[in-house]
Amino acid sequence: MSPHKLEEIRPQVKALEAMPAVPAIVLPLTAMLQLPSDQVDVDKVVELVSYDGTIAAHCLRMANSPLFGRGNTETVRSAVLALGLKRIEAILLGCCLNRIVPPDKWALDAVTFWRHSLGCALVSRKMAKLIGYPDPEKAYLAGLLHDLGILVNTLACTEDFRRCIQAAREGHVALHRSEEEHLGFTHCQSGKILAEHWHFPADVTEVIEFHHDVVAPRGGPLVPLVRLSDLLCRVRDLGYGYYEAMGVDFAGDSAWATLVEHYPALANMDLARLTMDVDGAMGEIVAVVDAVFKP
Amino acid sequence: MGVVKAARESEDLRDPAYLKIRDVIYQVSGIYQPEEKLYLLASRCARRMSAVSAKSPAEYLERLTARGNREEELRLLLNEITIGETYMFRSQPQIEALRNVILPQILKAKSAMGFKRLHLWSAGCSTGEEPYTLAMFLLEESEKMLAGWTFDILATDLNDRSLTAAKAGIYGEYALRSTSPLLRKKYFRPYDDKQLQATDQLKSMIRFDRVNLNDDSKMTFLKGMDLIFCCNVLIYFDLGSKRKVMQHFHSNLLPGGYLFLGHAESLYQVDDRFHLVHFPGAIGYWKPPVGYTSGGKP
């Protein structure tokens, strides 16, 4: 197999726009995400959510999960209020993206992919709150979308990407390493093309592009935050569904050093306690993810 | 009635006293329960609350912090918290981390220096479940990853009764519940109708010794370890003793070696020279080699 060059898939990524129904929802949604929250029309969101049975069901299930502390959310409107606008937008976005991959094209299976993405979103939000990052819902969105490039690879080079996942599974290695070797580019690079094409917010695009960078991470604190959440998910039953032979050393990871630069108080933080707090939430996160994605 | 009431109230996790009890335990022992796991703490407290007839978590907290019975009650509560944590192959993710990440790392570094021997230490081995688990794991690897390597396991405890039991190597169903039929057959023989005994081959892999972790004169000589396992032992030590033991562990370990504690234990404010490393499903503390700078690890 000759390695794909990133340039070769660029036209294919752009062609994704032509897929029915997708950009019609994604584009206004991402535009909405960039509005200040007081300018977002709640009724419009409720209407959007109600319009789509699957999305409404996801919102209700999530609003009723113990993670959000609600038990009796019965209407779409109360689900929207319980979850908060930004999270609803993230769910909408996730569901829309889910639909761009036809069922027979999945290389990594859909449930595994969304478990990891939603898991990373929830851990990013939890971690954002723990370290005092000012916009936990932005962290949630970035966590949800960080692996956008996996969808791109799934669609643009399905068979090669399947082989790439198979090799990663057999060698217990990280997916991006296997992509480098078998495709010649990673989901970070292909994800960036789609993110820019869809005019995602700049900081979210940075996360998509740089979340596997180990040296000198670029961008704001969002990149290291999501990078660490992604690592935690992968060592805590919310990874890509196979054993990755790795050890995650927060204190030794440049992402942690970058976060400490942004939040100097972190230098004195009880790292074990932080990770155990995240670990503690992991059981419920797995439950929420399974509630959303398992029939 | 009092007991029933206490048990019922103990299930009321909204009681802020539980968070305070959690913090007391964390401060004293390093064992941490995240909020989502408070129900576990509550159920362990419930047993102690019944025993001392405390009617509410707040009353129990008072007992736990009042002078006089503080130390004794904390010890009893810690016993409840760590109970049932000793059986063989209790942590499969830890074994997987050893097999897939840690040993390959250590073997590579040691063979580069021409060494072909591994040294493991189970510090606070209690009745022996941990060292026998390690021995079985290493023996199983001796034809594979460890071909051409030798290893020794030191297993120490302060308690003579535990050590005698460990040396005898006789175990019932509870201790062996996660040990596969294949390993049982290979490394154990029937002892009576309910118990199995470790074979001489398995026993010969382990050297048992009585060591007080507070005894500087003994600790100083236990050098050159690749892996130290010290599960739920330091929780009973005060901060000063903990720091001293960690000081020893740090110099007992070779650079690049790992220390494993109980699954909820933390080293915060005890020792900051170790790096906390997450493996799939397990946590270890790594002693970085001299000159190690952070970043750049895959």
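Everything below is about the structure printed above this text.
First, a word on scope: everything that follows refers to the structure included in this document.

**Regarding the overall build of chain A**
Of the regular secondary structure elements, chain A holds 16 helices and 1 strand. Buried positions account for 60% of the 295 residues belonging to chain A. In chain A, of all internal contacts separated by at least 6 residues, the share reaching a separation of at least 24 is 71%. Carbon and sulfur atoms make up 55% of the accessible area of chain A, which totals about 11,400 Å².

**Points about the sheet that holds strand S3 (residues 170-171) of chain B**
Residue and element names in this part refer to chain B. One open sheet holds the 3 strands; their spatial order is S3-S5-S4, and the pairing between them is antiparallel. Looking along the sheet, the strands with just one partner apiece sit at the ends: S3 and strand S4 (188-190). Note that S4 and strand S5 (residues 196-198) share 3 bridges and pair antiparallel. Within S5, the residue paired with proline 190 across the bridge is leucine 196.

**Describing the interface of chain A and chain B**
Between chain A and chain B, the residue contacts involve 33 residues of the former and 32 residues of the latter. Carbon and sulfur atoms supply 55% of the area that chain A and chain B bury against each other, a total of about 2,500 Å² over both sides. Of all residues in chain A, Tyr243(A), Arg273(A) and Met276(A) bury the most surface against chain B, accounting for 24% of the area lost on that side. Between the two partners, chain A and chain B, sit 0 salt bridges. Where chain A touches chain B, the interface holds 5 residue pairs in polar contact (both at pLDDT 80 or more). Among the elements of the structure, strand S1 (248-249) and helix H16 (271-293) of chain A are those that each provide at least two residues to the side of chain A that touches chain B.

**A word on the pattern of salt bridges**
Here the structure, examined in full by the defined rule, presents 25 salt bridges over all chains. The partner of Glu140(B) in a salt bridge is Lys186(B), and the shortest N-O contact between them spans 2.7 Å. Of this pair, Glu140(B) sits in helix H7 (residues 129-141) while Lys186(B) sits in helix H9 (residues 181-187), and the two are 46 residues apart along the sequence. Each of Lys192(A), Glu196(A) and Glu209(A) takes part in one network of salt bridges that share partners.

**Thoughts on the pairing of strand S10 (residues 282-286) of chain B**
All names here are of chain B. Buried residues dominate S10, accounting for 5 of its 5 residues. The side-chain alternation of S10 yields two buried faces, one formed by Ala282, Gly284 and Trp286 and the other by Ile283 and Tyr285. When strand S8 (residues 253-261) meets S10, the two strands line up antiparallel, connected through 2 bridges. Its bridge partner lying in S10, leucine 259 is registered against tyrosine 285. What sits between strand S9 (residues 275-279) and S10 in their antiparallel hairpin is a turn of 2 residues, with glycine 281 showing a positive phi close to 75°.

Criteria and thresholds
- Residues numbered from 1 in each chain as written.
- Chains lettered and ligands numbered in written order.
- Predicted model: local features only at pLDDT ≥ 70, side-chain atom pairs only at ≥ 80, totals over all residues.
- Heavy atoms only, no water.
- Helix = DSSP H or I, 4+ residues; strand = E, 2+ residues; numbered from the N terminus.
- Buried < 20%, exposed > 50% of the residue type's maximum accessible area, 1.4 Å probe, protein only.
- Contact = heavy atoms within 4.5 Å.
- Areas by Shrake-Rupley, 256 points an atom, 1.4 Å probe, with all protein chains shown as cover.
- Pairing = 2+ DSSP bridges.
- Buried area = accessible area lost by both parts, 1.4 Å probe.
- Salt bridge = Lys/Arg side-chain N within 4 Å of Asp/Glu carboxyl O.
- Polar contact = N/O pair within 3.5 Å; in protein donor to acceptor, adjacent residues only side chain to side chain.

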